[in-house]
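The primary structure of each chain is shown beneath.
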2 protein chains.
Amino acid sequence: MAQREHVKVEYKVKVFDIGAGLPIIVLNEVEARQRDLFMGDRVEIEYKDKRMSAIVDTSTTLVREGEVGAFIEIVDALKCAPGDKVTILPLGKPASIDYIKKKLDGGELRPSEIEEIIKDLMGNKLSEAELAVFVAAVYSRGINAEETVSLTNAIMRSGDTLEFNVSPVVDKHCVGGVAGNRTTMVVVPILAAAGAYFPKTSSRAITSASGTADTMETLCNVNFTKDEVREIVLKTHGCIVWGGGAHLAPADDKLIRIRYPFRLDPRGMLLASIMAKKKAVGSKYLVIDIPIGRGSKFEDPGRAKDLAKDFIDIGSRLDIKTQVFLTDGSDPIGYGVGPALECRDVLEVLQGRGPQDLFNKSCLLAGSLLEMSSLARKGEGYNMAMGIIKSGKALDKLREIVEAQGGSPNLRIDDLPIGKYKAEIYADADGRVDYISNSNISRIARAAGAPKVKGAGCVLKCEHGDRIRKGEVIFEIYSDSEAKLDYALKVAEEVKPVELQKIVLGEFDRNAF
Amino acid sequence: MAQREHVKVEYKVKVFDIGAGLPIIVLNEVEARQRDLFMGDRVEIEYKDKRMSAIVDTSTTLVREGEVGAFIEIVDALKCAPGDKVTILPLGKPASIDYIKKKLDGGELRPSEIEEIIKDLMGNKLSEAELAVFVAAVYSRGINAEETVSLTNAIMRSGDTLEFNVSPVVDKHCVGGVAGNRTTMVVVPILAAAGAYFPKTSSRAITSASGTADTMETLCNVNFTKDEVREIVLKTHGCIVWGGGAHLAPADDKLIRIRYPFRLDPRGMLLASIMAKKKAVGSKYLVIDIPIGRGSKFEDPGRAKDLAKDFIDIGSRLDIKTQVFLTDGSDPIGYGVGPALECRDVLEVLQGRGPQDLFNKSCLLAGSLLEMSSLARKGEGYNMAMGIIKSGKALDKLREIVEAQGGSPNLRIDDLPIGKYKAEIYADADGRVDYISNSNISRIARAAGAPKVKGAGCVLKCEHGDRIRKGEVIFEIYSDSEAKLDYALKVAEEVKPVELQKIVLGEFDRNAF
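About the cut-offs
Residues numbered from 1 in each chain as written. Chains lettered and ligands numbered in written order. Predicted model: local features only at pLDDT ≥ 70, side-chain atom pairs only at ≥ 80, totals over all residues. Contact = placed C-beta atoms within 7 Å. Helix = DSSP H or I, 4+ residues; strand = E, 2+ residues; numbered from the N terminus. Nonpolar A, V, L, I, M, F, W, Y, C, P; charged D, E, K, R; others polar. Least-squares fit on C-alpha atoms with pLDDT ≥ 70 in both. Pairing = 2+ DSSP bridges. Domains from an automatic or database assignment. Buried ≥ 20, exposed ≤ 12 C-beta atoms within 10 Å, placed from the backbone. Axes fitted to C-alpha atoms, helices over the stretch in contact; angles between N-to-C directions. pLDDT = per-residue confidence, 0-100. Arc of directions from axis to C-beta.

Some remarks on the interface of chain A and chain B
Interfaces are often described in size by the accessible area the parts lose on coming together.
For step 1, the next point in the chain: The partner chain B presents 42 residues to the 41 residues of chain A that form the contact.
For step 2, the next point in the chain: Residue assignment for the side of chain A that touches chain B shows that the elements contributing at least two residues are α3 (95-104), α5 (128-141), α17 (438-447) and α18 (482-495) of chain A.
For step 3, the next point in the chain: Per-element tally for the side of chain A that touches chain B: the top contributor is α5 of chain A, with ten residues.
For step 4, the next point in the chain: Residue classes in the side of chain A that touches chain B are distributed as 20 nonpolar, ten polar and eleven charged.

Concerning the relation of the copies chain A and chain B
For step 1, the next point in the chain: With an axial shift of 0.0 Å and an RMSD of 0.1 Å, the rotation relating chain A to chain B amounts to 180°. The transformation relating the two chain copies, once decomposed into turn and shift, fits a two-fold axis. Within chain A, Ala129 of chain A has its C-alpha nearest the rotation axis, a separation of 1.9 Å.
For step 2, the next point in the chain: When you check the interface residues of chain A against chain B, 100% turn up at the interface there too, and the contact is symmetric in its surfaces.

What about the sheet that holds strand β18 (residues 498-500) of chain B?
Residues and elements named next belong to chain B.
For step 1, the next point in the chain: Ordered in space as β16-β14-β18, the three strands form an open sheet in which the pairing is antiparallel. A strand with exactly one partner marks an edge of an open sheet, and here the two such strands are β16 (467-468) and β18.
For step 2, the next point in the chain: Strand direction decides the pairing type here: strand β14 (residues 431-436) and β16, joined by two bridges, are antiparallel. The residue of β16 that forms the bridge with Gly431 is Ile468.

Digging into the domain arrangement of chain A
For step 1, the next point in the chain: Here chain A is described as being made up of domain 1 (9-91), domain 2 (95-142), domain 3 (170-242 + 278-404) and domain 4 (421-500).
For step 2, the next point in the chain: Each of domain 1 of chain A and domain 3 of chain A was reduced to a C-alpha centroid, and the two centroids are 49 Å apart.

Focus on the environment of Glu44 of chain A
All names here are of chain A.
For step 1, the next point in the chain: Of note, Glu44 is situated in strand β3 (residues 42-47).
For step 2, the next point in the chain: With 14 C-beta atoms packed within 10 Å, Glu44 lands in the partly exposed category.
For step 3, the next point in the chain: Along the primary structure Glu44 and Ile55 are separated by eleven residues, whereas in three dimensions their C-alpha atoms are 8.8 Å apart.
For step 4, the next point in the chain: In this view, Glu44 contacts Arg51, Ser53, Leu89 and Leu91; residues no more than four positions away in its chain are not counted.

What about the sheet that holds strand β17 (residues 473-479) of chain B?
All names here are of chain B.
For step 1, the next point in the chain: The four strands lie next to each other as β12-β15-β17-β13, forming an open sheet whose pairing is antiparallel. If you trace the sheet from one side to the other, it starts and ends with β12 (336-337) and β13 (421-426), each paired once.
For step 2, the next point in the chain: Bridge analysis of strand β15 (residues 457-460) against β17 gives four bridges, and the strand direction is antiparallel. Counted as the bridge partner of Gly457 is Tyr478 from β17.
For step 3, the next point in the chain: Sheet contacts for helix α17 (residues 438-447): β12, β15 and β17; angle to β15, the most-contacted strand, approximately 135°.
For step 4, the next point in the chain: Here helix α18 (residues 482-495) sits on the sheet in contact with β13 and β17, set at roughly 145° to β17.

Digging into the confidence of the model for chain A
For step 1, the next point in the chain: Across chain A, the average pLDDT comes to 91, with 97% of residues at 70 or higher.
For step 2, the next point in the chain: Both scores are given for the predicted complex: the pTM is 0.84, the ipTM 0.81.

A few points about the pairing of strand β5 (residues 67-70) of chain A
For step 1, the next point in the chain: Across four bridges, strand β1 (residues 9-15) of chain A lies against β5 of chain A in parallel orientation. Residue pairing across strands places Lys14 of chain A opposite Gly69 of chain A, the latter belonging to β5 of chain A.

Quick notes on helix α9 (residues 226-236) of chain A
Residues and elements named next belong to chain A.
For step 1, the next point in the chain: Looking at α9, one finds that the buried residues are Lys226, Val229, Ile232, Val233 and Thr236. On an axial view of α9, the arc spanned by its buried residues comes to 125°, and they lie on one face. α9 presents Asp227 and Lys235 as exposed residues on the side facing more than 90 degrees away from its buried surface.
For step 2, the next point in the chain: Where α9 is buried, its residues touch α7 (184-193), β8 (198-202), β9 (238-242) and α16 (393-404).
For step 3, the next point in the chain: Positioned one or two residues after α9, His237 has a phi angle of 75°, which is positive.

See the structure below:
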């Protein structure tokens, strides 16, 4: 590439009164070309004593020669106004573009190179197209264990970190995809009651009906700063807060946005995202839940097993002792789907009642953490977890945590804000329940208003293997308005989440091919 | 992926008075999430009897719930105004996104799949990020010969095509990178004078000091419609027009823009781009010039040879007989660099004088086409081409073509608009000229105003191998203003395009490592 002359040129500001999400300036295309400036090039823009780097866009219509179009990001940072004179100096491309290209060429990235990419991501120095190519490159070429560790550290360093001088600090994670799977709210109080420290950060729903943070929010605030999180955990041994609030590993949120259009989930990036969040809160013992089976994120158990191996490997490189469970994710867990309805299941389980699958799975995960962190002897974790529930200590601990997070410690099921409007869905034939679609039951719950409407969602009245009769209630829908309930009913008619067992699974004759 | 409900929702229009380049709407992020709509999703937007598809962007600040932000593309197409009520219906993703993903996964794309991607590219249905992933996928996974042929056909069908019922239709192409390499303006009149039909479309400069279209434009108009091109070629046997004007293979221009930030040039895409333009004008015989060597696009001769093989293979699949020359591209061709200065070289060569390298190379390429199209016997093409120049027939033919393109047929060198301001650059040492940098001499010519200022540029006063003395003029710079000339001089001091032979090529001692 030819060298660039280092000459500043003056332009008159034209303000576009809208945010571009990135610091973008618009130059006249013909004029820009004269100056060797093209779409995607970087410049430094200077006004009075302020300067910042920006990405060039070009247009033949929006700006005339001698003008520079500035979006709100630029105007706010430079405090310039329409007609002001600014100077623009061409800059080289950020080095991270070369590193992205290197990965696309199949090269191995050094820690400093990965660090630079994440730094530029956080500094809004890379365009959406450039970041999309980064994700595509990692997806297509893969990253090895060293690179994954580097990416984990870079994502972790993109935000704040929590430090505790206590032990053991434990954590759990579920890769998601299963409706109603609220084990966190049972596991955290069990471990905290047993003496571990559990600084749990959780996500909100993206495509599901509720994330753990949404469910916890029916009881108390979940939005805390890093220092508040630290205080709550040191006081109560646990917390369940929204990860997005504490500025922990924020690069991850940006990467998720980019991965969305193609649903690309490069394995190394998934690993790094998750481990970065664990590392940022100082976890030393980690249990991971990978639900597998029809309709889950991992229909192929082989892929899930490979991921499990990688988790354990990367965990050990990061000094986080990790245990992974592949669990049955082909049906929802618990009865409720939606924030308050799931919360009801959790409170039932903590009182030794409620859905057996949620109870068992929670004790399994909690038991594993108890053993890993030497709070229980080998083989005794599960029973110890069960004992902590039965004794009421887990429920008491949740009261304590909820109170520390600003909620009422009563935790009365009758106080939960369940939607006032309810509809029942009936079986349209006799048969045995063969499959309940996670994604479709979530769709219906979302149509009813979840997760925004805390009391909206579905309650399953049957589970896998149940023999049901035509006309029996198979699930209920709750909402806070008749309109939303009607809408959810329409969606339910369309997607039919509960399937009965079939004998003939496919029918073919010679015309079928 | 869960099914989408087919429910239209009403929004109030908020107008953003700026073009986005794509049909983009902005929804409130919280509200969009409620409706399962995310950045990059597609919707149909409807106002009165008009509807169009659009890409969703989300924002927490730009629009409130119930509002939709519309850029100029949307407002113009729907003829809606601020406050108007429009309805929005979620649509599935374009199928081409799945095909792009398939390529990223290493799959082979079917002709219909490639066609769909190019159709969506032309219809502005793919975001910049999605297109960047397409280019990255082709770069990373490659495309085979069948896919390259499909891509060629798809790019060709993205615009108009020219059909001639005449023969032979010949063409040439240079992959570029060499300053002053204006063989086209010599080869076209030779072939046209010999009876071939030569519908030549050329590009304008992107990063160089002049493209063939820029150089031809010093003599006449180069912007013609497809029908005008056809008429000129049928009348004079040749033309030299700007490819962008005739709506031939326009998808290529869009793909080039996307490739720019990473300088990605996936081989299959390069092949398809070039061959699509040739196919669109009905060429049957094609000669390709791949300059190689230091500072050219192909420093590695092996890569150039592979590309040559591919050109011949794809050409034969497309029924275009193709011959490829790897030529010395390590120094500029001719003396002039810049539109009018290059044009002067061309007119000199057509009078049997001027730079020998431009003369020889033009005869070589023309001779090959004369032989391929059976206008010359094997082994006699070069001499025939030379004879056509010496007889004055080639110059007469160029006069005819220039006149048909609306210019004056005089073609007097003294009429060329050479810049009035001139500076001389002197050798600062004795020595033998070892290297003249294509990119740096172009940089200086651009700094002087080329290609916009037709008479701006450089004239080389030495060539590779010349022995020169300190203080001798090694090149001149021309411009139309003192300011630009000063600027070009500054650039010249910085980049020093002419290198003298060195004996010591590197010096190391134990401290160097």
